[in-house]
Amino acid sequence: MTEITAIVHNCLEDERVKEYKEFFETKAGVKGLVDAGVVKVPRIFIHPPENLPKPSSEDSCCIGLQVPIIDFHGLENGQRGEIIDKIRQAAETWGFFQVVNHGIPGSLMDDLLNDVRQFHEQPLEVRKEWYSHDETKKVRYYSNGFYNPSMAAQWKDGLFCIGAQQLEEEQIPEVCRKSISEYVKHVIQLKETISELLSEALGLSSDCFARAGYMKSVSLACNYYPTCPEPELTLGIASHSDPDFLTLLLQDDIGGLQILHQNKWVDVPPVHGAVIANLGDFMQLITNDKFKSVAHRVVAKRGSSRVSVSSFFQPAFSDKLKPYGPMKELVSEDNPPLYRAIGVAEYVAYFRLKGLDGSSALPHFRL
Ligand code: OGA
Ligand code: NI
């Protein structure tokens with residue numbers, strides 16, 4: 001870089017940082033921009049063209065290919081073996097599957113999505129009380145929480161609850177308190193079922209993951225993707241894979257979630273009452289690449305706002321420095337470990353530093 005371009009570059013960076021800061025200071029989130037009537041996406045939200053959805057349908061083709069839908073009804077009716085086969089296939093190829101008849105009451109899921117919408121749509125004076133970028137807070141409302149200001153911002157607001165199973169009801173905003181507390185109990189149960197099935201799908205005993213403590217704690221991201229005036233310029237969430245072991249996701253009926261499958265972006269269509277399961281980077285790491293953590297993103301939409309709730313499963317907070325590597329049962333002389341053991345805290349620190357640039361954080365830890 002010449003001196004003059006370096007100066008211009010720095011000025012632009014300063015300008016971006018300033019715009020970010022001003023945006024954060026409103027404490028109104030992306031929703032606040034929409035309420036203020038913006039008709040253009042502010043510059044900090046504009047993503048590089050190569051990361052944006054292509055204008056034509058050439059982007060999301062794979063017609064006939066669909067994220068597997070797995071019915072858990074058969075678990076009680078002698079179909080456990082078949083279900084495990086389906087999970088293994090999905091985990092090895094898609095890294096994603098949708099579960100129906102999973103035992104979480106449909107009315108509770110509807111209530112949760114409605115209550116999360118209510119939280120994000122309540123008057124600014126009420127919701128701004130929760131707005132914070134202080135990451136030690138167990139419950140906070142934020143936008144672009146940990147993203148690097150030199151990267152494009154996401155067209156999304158969130159209400160994040162860390163260690164959700166340990167929160168007292170009073171620590172959760174009133175409008176969504178009841179449904180969040182109730183949902184957390186159910187989603188933990190579903191995680192236990194899926195964790196057993198995944199262990200068995202690897203040929204291990206069903207309590208293997210539970211004994212290792214891989215998914216002992218859960219954090220909830222209650223996401224709100226406001227309607228967007230120029231959806232072709234930004235993203236709800238840029239391409240990423242999750243830095244956890246397992247994510248269970250609820251989405252409303254708007255759609256917008258896409259996953260990268262065989263190098264094409266494939267829609268994950270809303271299935272009312274289904275829970276989406278996706279494997280995180282640590283699942284790929286401990287299974288030594290047998291199971292896949294797959295890149296996904298959320299496209300922005302004109303005309304409707306979207307709500308989703310992600311439950312991220314990770315080891316207990318007290319184990320955040322404990323290193324996790326490929327499971328010894330899954331490696332051998334012919335199949336040596338592909339990754340070094342790594343703690344969740346170190347992994348997440350690198351994930352944040354790298355930012356959502358479309359690449360995976362995993363290769364950084366490959367041996
Ligand atoms: C996430 C995520 C997808 C969605 O929170 O990591 O990928 O549909 N969410 O909100
Ligand atoms: Ni994700």
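Fair warning: this is a prediction, and the values are worked out from it, not measured in the lab.

**Remarks on the sheet that holds strand 9 (residues 264–267)**
Then, in step 1: Overall, antiparallel pairing links the four strands, which are arranged 6-11-8-9 in an open sheet. Edge positions in the sheet fall to strand 6 (235–240) and strand 9, since each has one partner strand and no second. Each strand of the sheet is rotated relative to its neighbour by a mean of 30°, with strand direction disregarded.
Then, in step 2: Relative to strand 11 (residues 296–299), strand 6 runs antiparallel, the two sharing three bridges. Paired with I237 across the two strands is V298, which belongs to strand 11.

**Overview of the coordination of the nickel ion (ligand 2)**
Then, in step 1: Around the nickel ion (ligand 2), the donor atoms from the protein are H240 (NE2), D242 (OD) and H296 (NE2), and they sit 2.1 Å away.
Then, in step 2: In primary-sequence terms, the residues that donate to the nickel ion (ligand 2) follow H-x1-D-x53-H. The two residues H240 and D242 agree in class, both being buried.

**Details of the site of ligand 1**
Then, in step 1: The environment of ligand 1 is made up of 13 residues, and the closest members are Y225, H296, R306, S308 and S310.
Then, in step 2: A distance of 2.6 Å separates an oxygen atom of ligand 1 from a polar atom in the side chain of Y225.
Then, in step 3: Residue R306 places a side-chain N or O atom 2.8 Å away from an oxygen atom belonging to ligand 1.
Then, in step 4: Secondary structure elements with two or more residues in the shell around ligand 1: strand 5 (217–225), strand 6, strand 11 and strand 12 (306–314).

Analysis parameters
Position labels on residues start from 1 in each chain and follow its written sequence. Here the convention is simple: chains get letters from A, ligands get numbers from 1, in the order in which they are written. Local features are withheld for residues below a pLDDT of 70 in this predicted model, meaning they are given only at 70 or higher, and side-chain atom pairs are given and counted only at 80 or more; totals for whole chains, interfaces and linings count all residues. Side-chain measures here rest on the full set of heavy atoms in the structure, leaving out hydrogens and waters. Note: two strands are recorded as paired if DSSP finds a minimum of 2 bridges between them. In this description a helix means any DSSP run of H or I spanning at least four residues, a strand means any run of E spanning at least two, and both kinds are numbered starting from the N terminus. Note on geometry: axes are C-alpha line fits, over the in-contact stretch for helices, and angles between N-to-C directions span 0 to 180 degrees. For Na, K and Ca the donor cutoff is 3.2 Å, while for all other metals N, O and S atoms count as donors only within 2.8 Å; water does not appear among the atoms, so some sites may look incomplete. Think of it in three bands: with a 1.4 Å probe and only protein chains considered, a residue is buried below 20% of the maximum accessible area for its type, exposed above 50%, and partly exposed in between. The near set for a molecule or strand comprises every residue that places at least one heavy atom within 4 Å of it. Whenever two N or O atoms come within 3.5 Å, that pair is a polar contact, provided that in protein one can donate a hydrogen and the other can accept it, and provided that, for residues adjacent in sequence, both atoms are side-chain atoms.

Structural measurements only, silent on function.
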